[in-house]
Amino acid sequence: MLNYIIQGGNKLEGEVKVSGSKNASLPIIAASMLNGNQSKLYNVPTIHDIQIALKILKILGCKVKKTNNKILIDSSNITSYEIPYPLMRQMRSSVIMAGAIIGRFKNAIFSYPGGCDIGTRPIDLHLSGFRKLGINIIEEGGFIRCSCDKIIGTEIHLDFPSVGATENLMLASVYAEGETVITNAAMEPEIVDLQNFLNKMGAIVEGAGTNIIKIKGVNKLKEVSYTIMPDRIEAGTLLCSAAITGGTIELKNAIPDHISPILSKLEECGCKTEVKKDKISLIAPRKLISTEIKTLPYPGFPTDMQSIFGAMLTTAKGTSVIIETIFENRYKYTNELIRMGAKITIEGKMAIIKGVKRLSGAEVLATDLRGGAAMVIAGLQAKGKTKINNIEYILRGYENLDKKLNSIGANIKIEEGDKN
Ligand code: UD1
């Protein structure tokens, strides 16, 4: 186990470069199994979730070479269609691999990813979409066996605009006979990135970024090189880190359009933000102001930023209200913030946060990836020392968060924790 030790109270000031997007990289890595050829990916973050994804590709028979943020994948010799259960358990989003494997081989075996720390996270929408494409699914012993002779394009309406289901169905239908139309599709920027990647390797996909995505099946895909989009959730996390310390920050390599729901909330909290091409700057007020937030599918306020704002608002003037509508169990981190002196009450989907003057350092736990990042934000503002246990969660999704924050004035050290 690793821990962060944060000495709070430093004002953050300076420029930071945003890394490549975790949530865009994962489906694109899966998609690189489709071409039976080489894929060169640039700007892939070095984080634990990517390592798991690459492990799965290797087990299936891909050749994988990673150098810093560049990954070379050769999918010409895939020998297995089965995603091993231990890896499936480690990362829920490994379910995305299924669409690519079925798309290419008309066969796939994987298991239920199970629940996770933020909610039950079912995959019913993925599976009913696969069935509509003509894929037979047998569920037994916790495993899901998919097979078919051919995938046939059709119209699939999603009851909810699930990001993962939209991506999985795009991957499964690139080689389909005829056209697949996904309605009520998720509109997240990561889906546009996936479309751009697929089209660059020769697929015919249009509509990503709107709620109707059309995929015309093709017979062949070619080798490709592609640069992954910047991570909008990391960008938001860095902005909030500076904001809670009353600091200033300039983000390089961020796409302003992707984070406009985040920027407008920061403005409501009293921050001044400025957008110049791919740079975003933020000047925080001396005292943040409370606000109201409701998480929604894109272009609404992202659920992945909920805990980050939750932490930032603990010291804002007045009472803030958050309503979490996407995941049912995404407030675990608030118990940890309460240990640091935050005044938070949870009523069902709602968190009510009464701003306090200052948090106080304490020993706390990273409850999940974004909940862990929330503890970092709190630790930056808190008086004294904050020890965050189990930062493995944070390392799953953030590349060098401690180093980036230290480069603009934070004081964060990593230490080896107890082994139990
Ligand atoms: C992706 C992101 C995650 C983000 C989430 C919502 C990745 C790797 N992860 O997760 O960071 O928080 O989008 O923006 O990109 N649902 C069903 N049935 C399904 C699928 C989903 O009921 O078959 C529900 C989920 O339980 C949840 C909601 O739909 O309540 C949103 O889930 P979804 O959009 O699928 O999130 P993920 O793709 O898992």
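Residues numbered from 1 in each chain as written. Predicted model: local features only at pLDDT ≥ 70, side-chain atom pairs only at ≥ 80, totals over all residues. Heavy atoms only, no water.

Caption draft 1: How the structure looks around the sheet that holds strand β11 (residues 204–206). Sheet architecture is open: four strands sit in the order β9-β10-β12-β11, paired in mixed fashion. Pairing within the sheet leaves two strands with one partner each, and these edge strands are β9 (155–157) and β11. Taking each pair of neighbouring strands and ignoring which way they run, the sheet shows an average axis angle of 15 degrees. Bridging between β9 and strand β10 (residues 179–183) involves three bridges; their strand directions are parallel. (Pairing = 2+ DSSP bridges. Helix = DSSP H or I, 4+ residues; strand = E, 2+ residues; numbered from the N terminus. Axes fitted to C-alpha atoms, helices over the stretch in contact; angles between N-to-C directions.)

Caption draft 2: How the structure looks around the domain arrangement of the chain. Annotation of the chain at the domain level lists domain 1 (2–18 + 230–416) and domain 2 (22–227). Taking the mean C-alpha position of each, domain 1 and domain 2 sit 30 Å from one another. Facing 25 residues of domain 1, the contacting portion of domain 2 comprises 23 residues. A combined buried area of about 1,900 Å² lies between domain 1 and domain 2, and 49% of that area is made up of carbon and sulfur atoms. Of all residues in domain 1, Tyr 298, Arg 396 and Glu 399 give up the largest surface area on contact with domain 2, accounting jointly for 33% of the area buried on that side. For the interface between domain 1 and domain 2, the tally reads two salt bridges. The partner of Arg 232 in a salt bridge is Glu 190, with the nearest N and O atoms 2.8 Å apart. In this assembly, domain 1 and domain 2 are joined by eight residue pairs in polar contact (both at pLDDT 80 or more). Secondary-structure elements contributing two or more residues to the side of domain 1 that touches domain 2 are α12 (369–381) and α13 (392–397). (Domains from an automatic or database assignment. Contact = heavy atoms within 4.5 Å. Buried area = accessible area lost by both parts, 1.4 Å probe. Salt bridge = Lys/Arg side-chain N within 4 Å of Asp/Glu carboxyl O. Polar contact = N/O pair within 3.5 Å; in protein donor to acceptor, adjacent residues only side chain to side chain.)

Caption draft 3: Looking closely at helix α7 (residues 189–200). Relative to the 16 Å expected for 12 residues at 1.5 Å per residue, α7 spans 17 Å between its end C-alpha atoms, a close match to the ideal helical length. Turning to α7, its buried residues are Pro 189, Glu 190, Ile 191, Asp 193, Leu 194, Gln 195, Phe 197 and Leu 198. Count one or two residues on from α7 and you reach Gly 202, which has phi positive near 110 degrees. (Expected span 1.5 Å × (residues − 1). Buried < 20%, exposed > 50% of the residue type's maximum accessible area, 1.4 Å probe, protein only.)

Caption draft 4: View of the pairing of strand β16 (residues 279–283). Across four bridges, the pairing between strand β14 (residues 248–252) and β16 is antiparallel. Within β16, the position partnered with Leu 251 by the bridge is Ile 280. Taken together, the five bridges between strand β15 (residues 272–276) and β16 define a ladder with antiparallel strand orientation. Each bridged residue has a counterpart across the sheet, and for Thr 273 the counterpart in β16 is Leu 282. Connecting β15 to the next strand, β16, in antiparallel fashion are two residues, including Lys 277 with a positive phi near 45 degrees.

Caption draft 5: Region of the structure containing the sheet that holds strand β23 (residues 412–416). The strand order across the open sheet built from four strands is β21-β22-β1-β23, with neighbouring strands paired in mixed fashion. Looking at which strands have only one partner, the edges of the open sheet turn out to be β21 (363–365) and β23. Here the average twist between neighbouring strands, direction ignored, is 25 degrees. Pairing between β21 and strand β22 (residues 385–389): three bridges, direction parallel.

Caption draft 6: Main features of the site of the ligand. Around the ligand there are 18 residues in total, and Asp 124, Ser 162, Gly 164, Asp 304 and Ile 326 lie nearest to it. At a separation of 3.3 Å, an oxygen atom of the ligand approaches a polar backbone atom of Pro 122. Val 163 has a polar backbone atom sitting 2.8 Å from an oxygen atom of the ligand. Protein chains shield 86% of the accessible area of the ligand, which is 740 Å² for the free molecule. Its residues assigned to classes, the shell around the ligand shows seven nonpolar, six polar and five charged. Of the residues that make up the shell around the ligand, three or more belong to each of domain 1 (2–18 + 230–416) and domain 2 (22–227). (Near = heavy atom within 4 Å. Areas by Shrake-Rupley, 256 points an atom, 1.4 Å probe, with all protein chains shown as cover. Nonpolar A, V, L, I, M, F, W, Y, C, P; charged D, E, K, R; others polar.)

Caption draft 7: Quick peek at unusual backbone geometry. Omega for the peptide link from Tyr 298 to Pro 299 comes to 10 degrees, which places this bond in the cis form. With respect to the element layout, Pro 299 can be found in the loop between β17 (292–294) and α10 (306–312). Phi at Asn 184 takes a positive value of approximately 55 degrees, unusual for a residue other than glycine. Secondary-structure assignment places Asn 184 in the loop between β10 and α7. Asn 184 sits in the partly exposed class, given a relative accessible area of 23%.

Caption draft 8: How the structure looks around helix α9 (residues 260–268). Among all positions of α9, only Pro 261, Ile 262, Leu 263, Lys 265 and Leu 266 are buried. In this structure, the buried residues of α9 make contact with α8 (232–244), β15, β16, β17 and α10.

Caption draft 9: Structural view of the state of the cysteines. Within the structure shown, the criterion is met by zero disulfides. Free cysteine Cys 240: the closest other cysteine sulfur is in Cys 271, separated by 7.8 Å. Of the cysteine sulfurs around Cys 271, a residue in no disulfide, the closest is that of Cys 269, at 6.3 Å. (Disulfide = S-S within 2.5 Å.)

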